[in-house]
Amino acid sequence: MTEQRAPMLDTLLEQAQKVAENSYSPYSNFKVGAALLLAGGEIVTGTNVENTSYGVTICAERAALVQAVSRFGPEIRVHALAVTNLNGAASPPCGACRQALAEFTEAEAPVAFPASDGVRVMPFAELLPLATEMKLK
Ligand code: THU
């Protein structure tokens, strides 16, 4: 069966794959790329940047988010996103990145990523059903 995906998700997957070539990952050699589609139609990408102090590493998804806010400001909304890698491995967004994305991402935003059974697409809220939030009284 041929896979059916919205053409925009294919564009995001392609852009994510392209930016992964810029990955700085001498420690894991895992080259990840992320592409965000913003409400205004802009696409913003990011790749993982590792550090000799491992915990300082920034994932591709958060690199893209930081870039999106820096370029377009704090009101950005993410309408769709793709994460991929150059290693031919599964790469759903890590837990920390899901929480970071939750701040800016619509619950129904489709998230595309390679899984063990091929590219999967699921609504963001299924990846992180109960993101923490701070409601000050
Ligand atoms: N990585 C990402 O860029 N995104 C994820 O969602 C998972 C992990 C990166 C971090 C590190 O540079 C490498 O992949 C191995 O964990």
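Data block above holds the structure.
If you're wondering where the values come from, they're calculated on a predicted model, not measured in any experiment.

Caption draft 1: Highlighting the pattern of salt bridges. The final tally for this structure, using the stated rule, is three salt bridges. Taking the shortest distance from any N to any O, the salt bridge between E106 and R77 comes out at 3.0 Å. Residue E106 is located in the loop between α3 (95-102) and β4 (110-115), and its partner R77 is located in the loop between α2 (60-72) and β3 (78-85); the two are separated by 29 residues in the primary sequence. For R77, a relative accessible area of 30% translates into the label partly exposed. One salt bridge connects K135 with E133, and the closest N-O pair in it is separated by 3.1 Å.

Caption draft 2: Seen up close, the site of the ligand. Neighbouring the ligand are the residues S28, F30, V32, N48, E50, T57, C59, A60, E61, P92, P93 and C94. The side chain of E50 places a nitrogen or oxygen atom 2.5 Å from an oxygen atom of the ligand. Within the side chain of E61, a nitrogen or oxygen atom sits 2.6 Å from an oxygen atom of the ligand. Taking 370 Å² as the accessible area of the ligand by itself, protein coverage stands at 78%.

Caption draft 3: Quick peek at the packing of aromatic side chains. Across all of its chains, the model carries one aromatic pair by this definition. Seen from their ring centres, Y27 and Y54 are 5.7 Å apart, and the 45° between their planes marks the pair as tilted. Remark: Y54 occurs in the loop between β2 (43-47) and α2 and Y27 occurs in the loop between α1 (7-19) and β1 (32-38); sequence separation between them is 27 residues. On the basis of relative accessibility, which here comes to 40%, the residue Y27 falls in the partly exposed class.

Thresholds applied
- Residues numbered from 1 in each chain as written.
- Predicted model: local features only at pLDDT ≥ 70, side-chain atom pairs only at ≥ 80, totals over all residues.
- Heavy atoms only, no water.
- Salt bridge = Lys/Arg side-chain N within 4 Å of Asp/Glu carboxyl O.
- Helix = DSSP H or I, 4+ residues; strand = E, 2+ residues; numbered from the N terminus.
- Buried < 20%, exposed > 50% of the residue type's maximum accessible area, 1.4 Å probe, protein only.
- Near = heavy atom within 4 Å.
- Polar contact = N/O pair within 3.5 Å; in protein donor to acceptor, adjacent residues only side chain to side chain.
- Areas by Shrake-Rupley, 256 points an atom, 1.4 Å probe, with all protein chains shown as cover.
- Phe/Tyr/Trp six-rings, centres within 6.5 Å; stacked < 30°, edge-to-face > 60°.

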